[in-house]
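Listed below, chain by chain, are the residues.
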Amino acid sequence: MDHETNSAPYGTWESPITAAEVARGQVPLSFTTVAGDEVWWQEGRPDEAGRTTVMSSGDRSGAAREMLPAPFNARSRVHEYGGRSYLAVPSVNTVPSGDTGPSANPGPASGGALDLVFANFADQRLYRTAADGGDEPFAPAPLTPQPPVPAGLRYADMVPSPDGREIWCVREAHSVDGSISRAIVAVPLDGSAATDPAAVRVLVTGADFFASPTPSPDGTALAWVSWDHPRMPWDGTELRVGPASGTTVESSALVMGGPRESVLHPSWAGPGSLYAISDASGWWNLYQVDATAGASPRPLCPREEEFGGPMWQLGARPYGVLGDGRLAVLHGTGGMRLGLLDPATGALAPAALGDGGERYRAFGFSGLATAGDTVTAVAGGPVTPWTVLRVRASGDPGAEAIRREGSAADPAYLPVPRHVPLSVTPDGPVVHALVYPPTSPVASGPEGELPPYIVWVHGGPTANVLPVLDLEKAYFTSRGIGVIDVDYGGSTGYGRAYRERLRGAWGIVDVDDAMNAALALAASGEADRERLGIRGGSAGGWTVLASVTSGLADGREPVFAAGTSYFGVSDLKPFVEITHDFESRYLDGLVGPLPAAADLYDERSPLGHVGPGTCPILLLQGLDDPIVPPPQSESIARDLAAHGIPHAYIAFEGESHGFRKAETIIAALEAELAFYGQIMGFTPPGVPPVKLER
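Our next topic: the confidence of the model for the protein. Of the residues in the protein, 95% reach a pLDDT of 70 or more, and the chain-wide mean stands at 91. This model gives residues 95-105 a pLDDT under 50, and the stretch forms 24 contacts once residues within four places in sequence are excluded.

It is worth spelling out the side chain of Glu655 at this point. Within the secondary structure, Glu655 sits in the loop between β38 (647-652) and α10 (662-680). Although Glu655 is buried, it forms no salt bridge, and the closest oppositely charged side chain is Lys661 at an N-O distance of 5.5 Å. Looking at Glu655, its side chain comes within polar contact range of the main-chain nitrogen of Lys661, at 3.0 Å.

This part is about helix α9 (residues 631-642). The end-to-end C-alpha distance of α9, which contains 12 residues, comes to 16 Å, matching closely the 16 Å that a straight helix rising 1.5 Å per residue would cover. Listing the buried residues of α9 in full gives Gln632, Ser633, Ser635, Ile636, Ala637, Asp639 and Leu640. Residues of α9 that are buried in the fold lie against α6 (572-578), β37 (617-622) and β38.

Attention shifts here to the packing of aromatic side chains. Summed over all chains, the structure comprises 23 aromatic pairs. Here Tyr494 and Tyr498 contribute two aromatic rings whose centre-to-centre distance is 5.0 Å and whose plane-to-plane angle is 55°, an arrangement assigned as tilted. For Tyr494, a relative accessible area of 13% translates into the label buried. Measuring from ring centre to ring centre gives 5.9 Å for Phe675 and Tyr676, while their planes differ by 45°; the resulting arrangement is tilted. Under the relative-accessibility criterion, Tyr676 is labelled buried at 0%. Chaining the aromatic ring pairs together yields one cluster made of Tyr81, Phe209, Trp227, Trp234, Trp312, Phe582 and Tyr586.

On to the sheet that holds strand β16 (residues 238-243), then. As summarised here, the arrangement of the four strands in space is β14-β15-β16-β17, forming an open sheet in which the pairing is antiparallel. Strands at the two margins of the open sheet, each flanked by one partner only, are β14 (209-215) and β17 (253-257). With strand direction ignored, the average angle separating the axes of adjacent strands in the sheet is 25°. The pairing of β16 with β17 spans four bridges and is antiparallel. Within β17, the residue paired with Leu239 across the bridge is Met256.

What counts, and where the lines are drawn
- Residues numbered from 1 in each chain as written.
- Predicted model: local features only at pLDDT ≥ 70, side-chain atom pairs only at ≥ 80, totals over all residues.
- Heavy atoms only, no water.
- pLDDT = per-residue confidence, 0-100.
- Contact = heavy atoms within 4.5 Å.
- Helix = DSSP H or I, 4+ residues; strand = E, 2+ residues; numbered from the N terminus.
- Buried < 20%, exposed > 50% of the residue type's maximum accessible area, 1.4 Å probe, protein only.
- Lys, Arg positive; Asp, Glu negative; His and termini not counted.
- Salt bridge = Lys/Arg side-chain N within 4 Å of Asp/Glu carboxyl O.
- Polar contact = N/O pair within 3.5 Å; in protein donor to acceptor, adjacent residues only side chain to side chain.
- Expected span 1.5 Å × (residues − 1).
- Phe/Tyr/Trp six-rings, centres within 6.5 Å; stacked < 30°, edge-to-face > 60°.
- Pairing = 2+ DSSP bridges.
- Axes fitted to C-alpha atoms, helices over the stretch in contact; angles between N-to-C directions.

Rendered as structure tokens:
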């Protein structure tokens, strides 16, 4: 399609990518499973208050079908971040087939009809129902008991037991007195535990956190990952193996890992042997190790690349065992691509994606699943939205697209990112970033005018950014506002040393990297130095607030003209006191342990450091957020008001950590766009102004 180009001020360009279009396009796809001849996955529904359903690729006609109608919501709250919230199991009318061989796939790959087991968000109980639905009304049966505390028994990381009669999973128990404990438990599939809590067998206890329960194919052993406060799973974990022939696992051997080694995602390679991922070399690489204490792990493909990522959610696996013994793996630096690894020789080859090779350049954090020669995953690229893929490791090459996120936007309005290593000085630290330029087929900026740019700061802070088509970014770039997506020090994807740049330095390294990335782009003549903004959510929201408050200590010149915080942390001490258990000791490594580091907490917190150099700020907050509760935004809003700094605080009922409802996404995006226009001197068409307080 030909377009006529007109000159217009940056930020005022007309665009067909509306906030409503962005909300419709935000249909998160995650956690694929090979289920017989079908592919299953989780799918978000922003137009249904953010509900998560489970979908199937359906019959050979390719018509996807929904297996979990409203009001059921497949979403676990273990660690509050959840993860894979469903499992395929043999139908109640099917005799379990027994040993399926070594596999990283969390569900049955073949053999008869299947049932769906899922964790329901409202009560956190596990339910079971027929996967095909049939002609009968949808009536899932509970598998787990009603807890004494509402939603107080939570389940995640589900795998079928070797005999197919139970589910083995991580259980998080919230007690009346407020205490929290976790264990690996066995839940019977016959429904007996729904009314008899004692029917749930406790297999493993003794650690603060558990992940990846992995029974051996013959049922004689169980492998798992565990760790204790104050470590996070990317700091240090233990891979343990114990005998599983009794009612509980009464003893275990430490196979790999420790306080300074992150070991993740075990899978059985064969009798007495495991695959696992470890960062002992400084990179998350794959190893094979005997399932006994004291054995030396064998690296399968040692590289300065990552074969895994931070375990924020449970149930994701970045590799899987194929029927011919090869491993399907995700690997790379900065982002991940799909490869096929021969564990005997260490040879690593790219998967044959056919003409989709260029389109699917990044694979998602929810990992992959395998069965036979089939690999399923969620992948995308700069001009391709997140897509559920089915790939054959042998036979006909090519990637089969089963489901795509998003709607059909005109490609001419979509920015193509480029990776840019940014540094303000030649000998300064390199900051990895993706730059998304203003992009429109019908508009260009006036001669001599440079565009505004917004630094996007990801959450975590242990996360990273990927070059995948994102309508939310296109909402801004198609209107003439550039985006710098920054992988600041602390991000994953670049080895342990890069992510440990942030150790003890949260509020310093992330702030410096965000500022330096913006300044470097302005120094190159690509961005308007006077119209640099910054936005981020959660830990990214903290970096936003710190960059415009405590980051200006010692008279440092302000960098940003505007900042947007999505549910960001503003005051460290209260955050530690009231946040959820999973992250309650996270700041021990990011800042320092209390009470010894109390002065650092005060020095770095945005609250108390608002001053004349603080730019206008937009605060967006969910009122049901258990991770960064509303008082974090409310307190910084009061501080801004006390200093006469223009700001707006917009709170959303029924929203948690990460906005899920379509109406919230629309309201937040339109407010953000209007806010930038009011501060940076342009009037974006079609959005109402934001009322700024002082």
